[in-house]
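Coordinate analysis (summary)
Letter by letter, the chains look like this.
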Amino acid sequence: MNAYEEYMQAIVKPMRQELVDVGFKELTTADEVNEFMVTAKGVSLVVINSVCGCAAGSARPAVREAIKEIKPDHLVTVFAGQDREATAAMRAYFEDIPPSSPSIAILRDGQLEYFIPREQIEGFSVEQIRDHITGVLKQACGK
């Protein structure tokens, strides 16, 4: 590993941990993504994490708040720009959606039901994003 990669791993560690600490499973390889997608039953919340400010200031806090109110069957995350193969593998399951990070996907049995792109995160308050996620999860989870 070169110095840049070591530096970036140190920088993103707390960004990863922020989601792991509330129950998200990190998928860091394409194989992990593909295994998850073919075996996941029920409702899944997928966060495509990012180092950008809107991930730190809006997306991750909103997701953490939303799952306090309603928690789907699965919580998983990939990290754009860091786990490139895993992110590409996850995005392949949403092939009609342009790449966007951060972003949030709601899946049912591995099939995309709803997608929140960066454009619906950046510039919005944590409360607005939380309410958006919560509303979608309530519908998806039938609550």
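Preceding this paragraph is the structure being described.
Predicted model only: the values in this text are computed from it and were never measured. (Residues numbered from 1 in each chain as written. Predicted model: local features only at pLDDT ≥ 70, side-chain atom pairs only at ≥ 80, totals over all residues. Heavy atoms only, no water.)

1. Here we look at the nonpolar core
Note the following rule: By nonpolar core is meant a set of buried Ala, Val, Leu, Ile, Met, Phe, Trp, Tyr and Cys residues that side-chain atoms within 4.5 Å join together. Only protein chains enter the accessibility calculation, which uses a 1.4 Å probe. A residue is then buried if its area is under 20% of the maximum for its type, exposed if over 50%, and partly exposed in between. Counting from the N terminus, the helices are DSSP H or I runs at least four residues long and the strands are E runs at least two residues long. Any two residues whose heavy atoms approach within 4.5 Å at even a single point are treated as in contact.
Within the largest apolar cluster, 25 residues are counted, with the highest numbers of intra-cluster contacts made by F24, L45, V63, I104, I106 and I133. Only β2 (43–49), α3 (53–69), β4 (103–108) and α5 (126–141) provide two or more residues apiece to this core. Broken down by element, this core gets its largest block of residues, seven residues, from α3. Apart from the residues within four sequence positions on either side, F24 is in contact with L19, L45, V47, V63, I67, L75, V76 and T77. Listed in part, the 17 residues of the second largest apolar core include V46, A86, F94 and F115.

2. Things to note about the pairing of β4
To keep it simple, the criterion reads: Strand pairing is assigned whenever DSSP identifies at least 2 bridges connecting the two strands.
A large share of β4 lies buried, amounting to five of its six residues. Relative to β4, β2 runs antiparallel, the two sharing six bridges. Each bridged residue has a counterpart across the sheet, and for S44 the counterpart in β4 is L107. In this antiparallel pair of consecutive strands, β4 and strand β5 (residues 111–116), the connection spans two residues, and D109 shows a positive phi of 50 degrees.

3. Some words on the environment of R64
Following the sequence through the fold, R64 ends up in helix α3. Expressed as a C-alpha distance, the spacing of R64 and V22, which sit 42 residues apart in the sequence, is 6.8 Å. Non-local contacts of R64, meaning those with residues more than four positions away in its chain, are made with E18 and V22.

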